[in-house]
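# Observations on the three-dimensional arrangement
So the chains spell out like this:
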Amino acid sequence: MQSLPSSSGMSPKSASPTTSPPGLTRIRPSRLVIQSVYRFDSVNANVNVNPPVVNGNNATAAAPNSSSFGFSGHVGSSRTDWQSSCAILASKVVSQQQDIQTSGGAGGNITAVNGHKTTLDLVPIDNLPKPLSIADLSPAPMHGSKLRVAYQGVPGAFSEAAAGKAYPNCEAIPCDQFEVAFQAVELWIADRAVLPVENSLGGSIHRNYDLLLRHRLHIVGEVQLPVHHCLLALPGVRKEYLTRVISHPQALSQCEHTLTKMGLNVTREAVDDTAGAAEFIAANNLRDTAAIASARAAELYGLQVLENGIQDDSSNVTRFVMLAREPIIPRTDRPFKTSIVFAHDKGTSVLFKVLSAFAFRNISLTKIESRPHRNRPIRLVDDANVGTAKHFEYMFYVDFEASMADVRAQNALAEVQEFTSFLRVLGSYPMDMTPWCPSS
Ligand SMILES: O=C(O)C(=O)C[C@]1(C(=O)O)C=C[C@@H](O)C=C1
């Protein structure tokens, strides 16, 4: 993906996989950039962070004193803190497993609740962080100020609109990359992050699945945003002048067929976000380039709408998750979803058993995704006679329609835990039930 360079003195994105086109500049120092050095052991959830630098300043100055994770320039002080934060969701599973043990039933130690080889006595009950209540999902500002919500992109990005839908009246904080949005919440620079995970046409946003595993934030909600794309160019530019269309890869993919049908003789280039593409065209007075972005981006950056509604499906929708440092208390008085991630040492054969744990309890799955097991991507199976088979290893992400407060979900997860070597509850949260309103 092409990354738009900064003209603002912001640090270049060291992690950016691509080079920037020569002579292109960014017009506003609008996005949060955090530089830090992470070392992850994702399965054991050990995170070591060197003192971070936020847009050139020490992040500790920007971060209020923290409570539950004992922030002091590091993300989380110990493995125990992290275990505590997960204990709310895990406790039902743990107690059920204990019952099984005391009654001489199957199972031994609590092997992998929330990603930890752990036993109950490792969870310091009196140290539990205060979980967010359902009220924290409401638009009311926290602590007398606006809720700060990190998103990836610049103003006019769909993610900004999603942040506003999830938390009306919030202070939306633009971030340079998805990872920065995660870090902004971990470092108390933001209270929440709102990040896309899948689109009805473009599919999953894999990067965020990987980051959910590598970071310790909890999913506390979801929001589905109708995504209405426009083709934008500088005033006076006609479609015939165009040689290039730039946008976020998801946006390019969501408009793929429409662009082809329009018969434009253009190359398609990926950049970091839709609104950033519009901003880039305006900043560089590019008369041969169009952006796929929102109508709001056109207004913000002074572009004209050449074509309205160019997404390949009028009901195009992107699902975003809301992330927080602490989980919410799951409830049963409204529809909830729960997101988990699991793996097994012995490969994919466990998948059917895991899924049957939900099927037998009439729990519907709404999503399943697999990602490479980054710690152990390949498993070699030697057969002296025929050679060595190389099996790919996966992490499986599953969303199911039940709350962790629902005994069916607790029983299903207790069973899943027996089949898996790694299991983590990413969050149990209210489903987005807003009435369907396709983009117009
Ligand atoms: O580029 C943007 O405007 C974004 O908010 C990112 C993003 C995505 O990552 O999927 C969000 C919604 C749309 O699906 C297109 C792009």
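Residues numbered from 1 in each chain as written. Predicted model: local features only at pLDDT ≥ 70, side-chain atom pairs only at ≥ 80, totals over all residues. Heavy atoms only, no water.

Further remarks concern the sheet that holds strand 17 (residues 336-343). An order of 18-21-17-22 is seen for the four strands of this open sheet, with the pairing classed as antiparallel. Both outer strands of the open sheet, strand 18 (365-372) and strand 22 (422-430), are each paired with one neighbouring strand and no more. Each neighbouring strand pair of the sheet contributes to a mean axis angle of 15°, computed without reference to strand direction. Inspection of the sheet shows strand 17 paired to strand 21 (residues 394-400) by five bridges, in the antiparallel sense. In the sheet register, Ile340 faces strand 21, and the bridge partner there is Val398. Of the strands in this sheet, strand 17, strand 18, strand 21 and strand 22 touch helix 5 (residues 206-214), which is tilted by about 85° from strand 18. Seen against the sheet, helix 11 (residues 407-419) touches strand 17, strand 21 and strand 22 and runs at an angle of roughly 160° to strand 22. (Pairing = 2+ DSSP bridges. Helix = DSSP H or I, 4+ residues; strand = E, 2+ residues; numbered from the N terminus. Axes fitted to C-alpha atoms, helices over the stretch in contact; angles between N-to-C directions. Contact = heavy atoms within 4.5 Å.)

What follows covers the site of the ligand. Near the ligand lie 13 residues; those nearest to it are Phe158, Ser159, Gln254, Thr274 and Thr318. Note that an oxygen atom of the ligand is positioned 2.5 Å from one of the side-chain N or O atoms of Thr274. Expressed as a share of its isolated accessible area of 360 Å², the protein-covered part of the ligand is 100%. The site holding the ligand turns out to be the largest cavity. (Near = heavy atom within 4 Å. Polar contact = N/O pair within 3.5 Å; in protein donor to acceptor, adjacent residues only side chain to side chain. Areas by Shrake-Rupley, 256 points an atom, 1.4 Å probe, with all protein chains shown as cover. 1 Å grid on protein atoms, 1.4 Å probe; cavity = no way out; pocket = protein on both sides within 12 Å on 5 of 7 lines; lining within 4 Å. Sits in = over half its atoms within 2 Å of the grid points.)

Next up on the list: helix 4 (residues 178-186). By the criterion of burial, helix 4 is predominantly enclosed, with nine of the nine residues buried. Taken as a whole, helix 4 has its buried residues at Phe178, Glu179, Val180, Ala181, Phe182, Gln183, Ala184, Val185 and Glu186. Of the residues flanking the end of helix 4, it is Trp188, one or two places downstream, whose phi is positive at about 65°. (Buried < 20%, exposed > 50% of the residue type's maximum accessible area, 1.4 Å probe, protein only.)

Another point: the packing of helix 10 (residues 351-359) against helix 11. The geometry of helix 10 relative to helix 11 is characterised by a closest axis approach of 9 Å and an angle of 170° between their N-to-C directions. Here helix 11 runs roughly antiparallel to helix 10, going by the angle between their axes. Contacts from Lys353, Val354, Ala357 and Phe358 of helix 10 reach helix 11 at Ala412, Leu413, Glu415, Val416 and Phe419. Looking at side-chain class alone, the contact of helix 10 with helix 11 contains seven nonpolar, no polar and two charged residues. (Parallel < 35°, antiparallel > 145°, perpendicular 65-115°, else oblique. Nonpolar A, V, L, I, M, F, W, Y, C, P; charged D, E, K, R; others polar.)

Note on sheets: strands pair through backbone hydrogen bonds, and any given pair is parallel or antiparallel. Read from one edge to the other, the open sheet built from five strands follows the order 13-12-14-11-15, with strand pairing classed as mixed. Since the sheet does not close on itself, it has two edges, and those belong to strand 13 (267-270) and strand 15 (304-308), each with one partner. Averaged over neighbouring strand pairs, the angle between their axes works out to 30° when direction is ignored. Sheet topology note: the strand 11 (residues 230-233)/strand 15 ladder contains four bridges and is antiparallel. When the sheet's bridge partners are listed, Ala233 is paired in strand 15 with Gln304. Across the sheet, helix 8 (residues 274-284) touches strand 11, strand 12 (244-247) and strand 14 (289-293), and the angle it forms with strand 14 is around 150°.

Okay, the side chain of Arg192 next. Looking at the element boundaries, Arg192 is found in strand 8 (residues 192-199). Of the residues examined, Arg192 reaches a relative accessible area of 2% and is grouped as buried. At 3.3 Å, the side chain of Arg192 forms a polar contact with the side chain of Tyr167.

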